[in-house]
Amino acid sequence: MNDDYVTWFRHSSPYINAHRGKTFVVMLPGDSIETEDFHNIVSDLTLLNSLGIRLVVVHGARTQIEKQLALAEVNSEIHKGMRITRREHLDEVLKAIGETRVKLEAAFSCGLPGSPMHGARVRVRSGNVVSAMPIGVIDGIDFQLTGKVRSVDGPAISALLNDGNIVLLSPLGYSLTGEIFNVSFADVAIQVAKAIGADKLIAFNDDGPIKDKTGQQYREMTLLKCEKFLVESARHNQDNSYFSLRACQKACDAGVARAHVISSHEDGALLRELFTRDGSGTMVYRDSYETIRRARFDDVVGILNLISPLEEEGVLVKRSRERLETELDCFIVMEKDNLIIGCAALYPISDSRSAELACVAIHPEYRSNGRASKLLAHLEKQASKLKLERLFVLTTQTAHWFLEQGFVESNIEMLPEQKKGLYNFQRNSKIFCKTLN
Ligand SMILES: CC(C)(COP(=O)(O)OP(=O)(O)OC[C@H]1O[C@@H](n2cnc3c(N)ncnc32)[C@H](O)[C@@H]1OP(=O)(O)O)[C@@H](O)C(=O)NCCC(=O)NCCS
């Protein structure tokens, strides 16, 4: 068997475990359903379903509606990026949406031997879970049957997901008066994500991931950065990328922790984004109010407040204020609302390719939410930039946490020469090492 394949599969297992049981809402624009890669996208979604990910797929139908209106020799009217759905054209709109939906259901039903979906047995379900109301009159223009989502029946969707179904939703909503409204598929996706407490929103985008003015791709964006980017782009360019990113921003604003813009033309972009470290698209994430940064002089008091109680308990080695001030360059801190809630330090050892990790601490009120893992990941990146190959840490009471972070138990012989002489036998710390990729 090919070794690359085995290695890739092994490396993807932490992601498989992390995503199992999570709920993702996927936005599939009408255009992407017309591409050659469409069947690959559907089989990748099926694979996610097989791996225990709960999926809601919301499809668009802009291209299909335009084609259908053109066939009926009707000009499609768009104002402020939204279609005006005239009553007399509703049949055309429903035909286009219905056909798109059926095409998707058929694609999810593929299962020929030899195809990636063989044996998957996907069940696609839907229902009257989105209620809508008219958008009304904007700039003097009556949008008629163009609507916006009024409410989503979250429990009904969750029940369908609990039964292992993929929930497929169209850009439609029904009103209390029994009317059908054409709503934007992004609106449906965002409101559904909010109603069911989705873990992720994934927006397939025909123009690929988000890029800056020079064409450089953004791998990730804080919500704040995303908002700034959207304000900036709104002035000159409201293209597909703008709308995909805006959906991500709105979803994160509504409580979704992470949202991703990925290419609908790059084969395998979805799997790369979810199961590899580097990903393929642009991820927008919410925890923008907690920042990790290098420590500054005015953080000394905050760091001391955090570590002093741990020093008293003997969990951390005592550091005087003077020592902390001289070693401040080695420290990073996690700040939330002007409070230092975490810190960690990296001490590169000269004449060796290793560094000591020390003083990892999270404020007791903020523990067990992956924050220390984030600090560690940050320091590992820093260490890789310094071309370091190995991290080691000495600890008395936190051995298992380091084991869970990929460290392995080691011994004094493995320490760099300079550190060996300084080892405090009375403290009798355990030694752990991690080799960096
Ligand atoms: C260890 C510490 C940094 C972890 O911070 P955190 O942000 O809560 O860490 P994470 O969220 O990434 O991991 C939390 C997990 O680690 C576990 N954990 C916490 N302290 C642990 C310890 N001493 N030994 C083993 N596991 C520990 C938690 O139980 C939790 O597991 P759970 O999710 O199954 O409940 C934090 O508990 C702390 O500040 N401890 C005191 C200082 C310390 O021991 N520093 C390390 C010496 S350098």
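Residues numbered from 1 in each chain as written. Predicted model: local features only at pLDDT ≥ 70, side-chain atom pairs only at ≥ 80, totals over all residues. Heavy atoms only, no water.

A.B. asks: Looking at this model, I keep getting lost on the overall build of the protein chain. Mind explaining?
C.D. replies: Summing up its helical and strand segments, the protein chain has 15 helices and 23 strands in all. Over its C-alpha atoms, taken along the principal directions, the protein chain stretches across nearly 85 × 55 × 40 Å. Relative to its 437 residues, the protein chain shows a buried fraction of 49%. Sequence separation of 24 or more characterises 71% of the internal contacts of the protein chain that already satisfy a separation of 6 or more. Taken as a whole, the protein chain presents about 22600 Å² of accessible surface, with 50% of it coming from carbon and sulfur. Positive and negative charge centroids in the protein chain, built from 53 and 56 side chains respectively, lie 3 Å apart. (Helix = DSSP H or I, 4+ residues; strand = E, 2+ residues; numbered from the N terminus. Buried < 20%, exposed > 50% of the residue type's maximum accessible area, 1.4 Å probe, protein only. Contact = heavy atoms within 4.5 Å. Areas by Shrake-Rupley, 256 points an atom, 1.4 Å probe, with all protein chains shown as cover. Lys, Arg positive; Asp, Glu negative; His and termini not counted. Charge placed at Lys NZ, Arg CZ, Asp CG, Glu CD.)

A.B. asks: Looking at this model, I keep getting lost on the sheet that holds strand 15 (residues 258–263). Mind explaining?
C.D. replies: Two pairing modes exist for strands in a sheet, parallel and antiparallel, and in both the strands are linked by backbone hydrogen bonds. With mixed pairing, eight strands are arranged side by side in an open sheet as 5-10-2-1-13-15-16-14. Each edge of the open sheet is held by one strand with a lone partner, namely strand 5 (124–125) and strand 14 (220–222). Note that strand 5 and strand 10 (residues 166–169) share two bridges and pair parallel. Of the residues in strand 10, the one forming a bridge with Val124 is Ile166. On the sheet, helix 3 (residues 38–50) packs against strand 1 (23–28), strand 2 (54–59), strand 10 and strand 13 (200–205) and is oriented at approximately 155° with respect to strand 2. Together, strand 1, strand 2, strand 5 and strand 10 form the strand contacts of helix 6 (residues 154–162), whose direction differs from that of strand 2 by roughly 120°. (Pairing = 2+ DSSP bridges. Axes fitted to C-alpha atoms, helices over the stretch in contact; angles between N-to-C directions.)

A.B. asks: In this structure, what is going on with helix 7 (residues 185–196)? I would like to understand it.
C.D. replies: For the α-helix, the turn length of 3.6 residues means that residues three or four positions removed from each other point alike. For helix 7, built from 12 residues, the straight-helix expectation of 16 Å at 1.5 Å per residue is met to within 8% by its first-to-last C-alpha distance of 16 Å. When we look at burial in helix 7, the residues that qualify are Ala186, Asp187, Val188, Ala189, Ile190, Val192, Ala193 and Ile196. Once helix 7 ends, the next one or two residues include Gly197, with phi positive near 60°. (Expected span 1.5 Å × (residues − 1).)

A.B. asks: Would you mind showing me how to read the nonpolar core here?
C.D. replies: Nonpolar side chains in soluble globular proteins generally cluster together in the buried interior. Counting 45 residues, the largest nonpolar core has Val25, Val56, Ile157, Leu169, Val192, Leu201 and Leu245 as its most contacted members. Every residue in contact with Val192, bar those within four places of it in the chain, is listed here: Val25, Val56, Val152, Ile157 and Leu169. Judged by nonpolar contacts, the second largest core, of 28 residues, contains Ile16, Leu28, Leu104 and Val124. (Core = buried A, V, L, I, M, F, W, Y, C linked by side-chain atoms within 4.5 Å.)

A.B. asks: Could you clarify how one ought to interpret the packing of aromatic side chains in this entry?
C.D. replies: What characterises a pair of aromatic rings is the spacing of the ring centres plus the angle enclosed by the ring planes. Tallied over the full model, the rule gives seven aromatic pairs. A centroid spacing of 5.1 Å and a plane angle of 85° characterise the contact between Trp401 and Phe402, whose relative ring orientation is edge-to-face. We classify Trp401 as partly exposed; its relative accessible area is 22%. Looking at Phe402, the relative accessible area reads 4%, which means it is buried. Site record: aromatic cluster; members linked through ring pairs are Tyr5, Trp8 and Phe9. (Phe/Tyr/Trp six-rings, centres within 6.5 Å; stacked < 30°, edge-to-face > 60°.)

A.B. asks: For this particular structure, what's the right way to read the domain arrangement of the protein chain?
C.D. replies: As a measure of interface size, the accessible area lost when the parts come together is often cited. As assigned here, the protein chain comprises domain 1 (3–287) and domain 2 (291–435). A separation of 42 Å is found between the C-alpha centroids of domain 1 and domain 2. (Domains from an automatic or database assignment.)

A.B. asks: Which parts of the structure should I look at to understand the environment of Tyr5?
C.D. replies: With respect to the helices, strands and loops of the structure, Tyr5 is situated in helix 1 (residues 3–19). On the basis of relative accessibility, which here comes to 45%, the residue Tyr5 falls in the partly exposed class. Taking C-alpha positions, Tyr5 is 40 Å from Lys419, a pair spaced 414 residues apart along the chain.

A.B. asks: How should I be thinking about the sheet that holds strand 21 (residues 390–395) in this particular structure?
C.D. replies: Across the sheet, which stays open at both edges, the seven strands sit in the order 17-18-19-20-21-23-22 with mixed pairing between neighbours. The strands lining the two open edges of the sheet, one partner per strand, are strand 17 (290–294) and strand 22 (408–410). In this sheet, adjacent strand axes meet at a mean angle of 30° when their direction is disregarded. Inspection of the sheet shows strand 17 paired to strand 18 (residues 331–336) by five bridges, in the antiparallel sense. Its bridge partner lying in strand 18, Thr291 is registered against Glu335. Strands in contact with helix 11 (residues 300–312) are strand 18, strand 19 (339–348) and strand 20 (354–362); relative to strand 19, the strand with the most contacts, it is inclined by about 80°. Contacts from helix 13 (residues 371–385) reach strand 17, strand 18, strand 19, strand 20, strand 21 and strand 23 (430–435) within the one sheet, and its direction differs from that of strand 19 by about 35°.

A.B. asks: When you look at the pattern of salt bridges in this model, what are you seeing that I'm missing?
C.D. replies: Between side chains of opposite charge, a pair can form as their charged atoms come close. Throughout the structure, instances matching the rule amount to 21 salt bridges. Of the charged contacts, one joins Arg87 and Glu179 as a salt bridge, the two residues approaching to 2.9 Å between their closest N and O atoms. With Arg87 in the loop between strand 4 (82–83) and helix 5 (90–109) and Glu179 in the loop between strand 11 (172–174) and strand 12 (180–182), this residue pair connects regions lying 92 residues apart in the sequence. Its relative accessible area of 46% is what places Arg87 among the partly exposed residues. By relative accessible area, which is 28% here, Glu179 ends up partly exposed. Of the charged contacts, one joins Glu380 and Lys434 as a salt bridge, the two residues approaching to 2.7 Å between their closest N and O atoms. Taken as a pair, Glu380 in helix 13 and Lys434 in strand 23 lie far apart in primary sequence, 54 residues in all. Judged on exposure class, the residue Glu380 and its partner Lys434 are both buried. Salt bridges here are not isolated pairs; linked through shared partners, they connect Glu34, Lys67 and Lys103. (Salt bridge = Lys/Arg side-chain N within 4 Å of Asp/Glu carboxyl O.)

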